[in-house]
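Close look at the chain arrangement
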Amino acid sequence: MTETMTMAKALNAGLAAAMEADERVLLMGEDIGRLGGVFRVTEGLQQRFGGDRVLDTPLAESGIVGSAIGLAMRGYRPVVEIQFDGFIFPAFDQITTQLAKLTARHEGTLQLPVVIRVPYGGHIGAVEHHQESPEAYFAHTAGLRLVSPATPHDAYWMIQQAIESPDPVLFFEPKSRYWPKGEVDLEDAGGGMHSSRVVRTGTDVTVVGHGAMVSMLLDAAQLAEEEGTSIEVVDLRSLSPIDYEPLLESVRRTGRLVVAQEAPGNVSVGSEIAATVSERAFYSLEAPVVRVSGFDTPFPPAKLEGAYLPDVDRILDAVDRSLAY
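Here is a short report on the structure shown in this document. (Residues numbered from 1 in each chain as written. Predicted model: local features only at pLDDT ≥ 70, side-chain atom pairs only at ≥ 80, totals over all residues. Heavy atoms only, no water.)

1. Some words on the pattern of salt bridges
Within this structure, the stated rule accounts for 12 salt bridges. Between Arg-197 and Asp-154 there is a salt bridge, with the nearest N and O atoms lying 3.2 Å from each other. Residue Arg-197 is found in strand S9 (residues 197-200), and its partner Asp-154 is found in helix H7 (residues 152-164); the two are separated by 43 residues along the sequence. On the basis of relative accessible area, Asp-154 is assigned to the buried category, the value being 1%. In this structure, Glu-245 and Arg-280 form a salt bridge, with 2.8 Å as the shortest nitrogen-oxygen distance. Of this pair, Glu-245 sits in helix H9 (residues 245-254) while Arg-280 sits in helix H10 (residues 269-280), and the two are 35 residues apart along the sequence. Look at Arg-280 and you get partly exposed, because its relative accessible area is 40%. (Salt bridge = Lys/Arg side-chain N within 4 Å of Asp/Glu carboxyl O. Helix = DSSP H or I, 4+ residues; strand = E, 2+ residues; numbered from the N terminus. Buried < 20%, exposed > 50% of the residue type's maximum accessible area, 1.4 Å probe, protein only.)

This is the structure we're talking about:
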């Protein structure tokens, strides 16, 4: 059965399905209960499942994550919402020095099935601390899984897969994609949580991205086709671990790669992809890997986000540079 819904609605449905399937699943976060979250992702869930399973918390991210760790140690499967990406840093210590390390510290005898939902990225015209892309900090941290859906279908299934995982998962939700609608197959996930996927086939250049960048890459590929350039688009989906094989297979066919992301380029997920593809597919490359990213500056005021964030023109310019090499 297939339904058309927004990503926000798909996440709501996925959370509800997980809570129906397992009474140990509970939700925690600022304003997620009565209000239903600032993006209404959890709307109606407190009324449906009760205030003991959908908890409005104090405005204290370190306390929220620390409480979730304790709950997971007692057998629960907490799903934490960080209201905006830039607010995750007060919980950075709990995430990186406790949540990420407790299983290893206990030699595998203790599991921490905590999911941390992080609305992230730009394109919404928000103020400082509300449009960050901090995924590289956590992808760098051993002991954490990190995923980011690009479509409502993936959001519906991946949130359930994340909740089922025995390991802590940071679930990065591209907030600019909350409202566009897409088809959701309610019976078939179509793949595992950590599998990357070719979402458009092409022959001349491979482009890869995650989250909100995927729709931008697809728009760029459509425009390029009108000018005679065939672009293959790969949706990364998982940032830790990264499923490289579909990407490497694509690059071995096209001979070229453009990596796109909203985050700054220095020491980033895009940097890691560029390095790994250069190592593992060196003799297939006809040009150096080209990166397109946000600039290595703090995120600017909202009226300047259009100049900061990668757009179709910057992606197509990178494609042209790769083809001209």
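2. Notes on the sheet that holds strand S10 (residues 205-209)
The strands that make up a sheet are held in pairs by hydrogen bonds between backbone atoms, and each pair lies either parallel or antiparallel. Spatially, the 5 strands line up as an open sheet ordered S9-S11-S10-S13-S14, and their pairing is mixed. At either end of the open sheet lies a strand with only one pairing partner, and these are S9 and strand S14 (290-294). On average, adjacent strands in this sheet sit at an angle of 25° to one another, irrespective of strand direction. Looking at chain direction, S10 and strand S13 (residues 257-264) are connected through 3 bridges and run parallel. Its bridge partner being in S13, Thr-206 is matched across the sheet by Leu-257. Contacts between helix H12 (residues 312-324) and the sheet are confined to S10, strand S11 (231-235), S13 and S14, with S14 contributing the most and set at about 165° to the helix. (Pairing = 2+ DSSP bridges. Axes fitted to C-alpha atoms, helices over the stretch in contact; angles between N-to-C directions. Contact = heavy atoms within 4.5 Å.)

3. Structural notes on the pairing of strand S4 (residues 77-81)
Consecutive residues of a regular strand have side chains that alternate between opposite faces of the sheet. The buried fraction of S4 amounts to 5 of the 5 residues, a majority that puts the element mostly inside the structure. The two faces of S4 match: Arg-77, Val-79 and Glu-81 on one face and Pro-78 and Val-80 on the other face are all buried. Inspection of the sheet shows S4 paired to strand S5 (residues 115-120) by 3 bridges, in the parallel sense. Residue Val-79 lies in a different strand from S5, and its bridge partner there is Val-115.

4. With respect to the packing of aromatic side chains
Throughout the structure, instances matching the rule amount to 15 aromatic pairs. Geometrically, the ring pair formed by Phe-92 and Phe-138 is tilted, given 5.5 Å between the ring centres and 55° between the ring planes. Remark: Phe-138 occurs in helix H6 (residues 135-139) and Phe-92 occurs in helix H4 (residues 92-99); sequence separation between them is 46 residues. The exposure class assigned to Phe-92 is partly exposed, which follows from its relative accessible area of 28%. On the accessibility criterion, Phe-138 (1% relative accessible area) is buried. Taking the centre distance of 5.2 Å and the plane angle of 85° together, the rings of Phe-282 and Tyr-283 count as edge-to-face. Its relative accessible area of 52% is what places Phe-282 among the exposed residues. Of the residues examined, Tyr-283 reaches a relative accessible area of 80% and is grouped as exposed. (Phe/Tyr/Trp six-rings, centres within 6.5 Å; stacked < 30°, edge-to-face > 60°.)

5. A word on unusual backbone geometry
Only a minority of non-glycine residues have a phi that is not negative, and only a minority of peptide bonds are not trans. The omega angle of the peptide bond from Ser-240 to Pro-241 is 0°, so this bond is cis rather than trans. Assignment of secondary structure puts Pro-241 in the loop between strand S12 (238-240) and H9. A positive phi angle is found at Asp-31, which is not glycine, with a value near 65°. Counting through the fold element by element, Asp-31 comes out in the loop between strand S2 (25-29) and helix H2 (45-49). For Asp-31, a relative accessible area of 38% gives the class partly exposed. For Val-267, which is not a glycine, the phi torsion comes out positive at approximately 50°. Summarising the element assignment, Val-267 is placed in the loop between S13 and H10.

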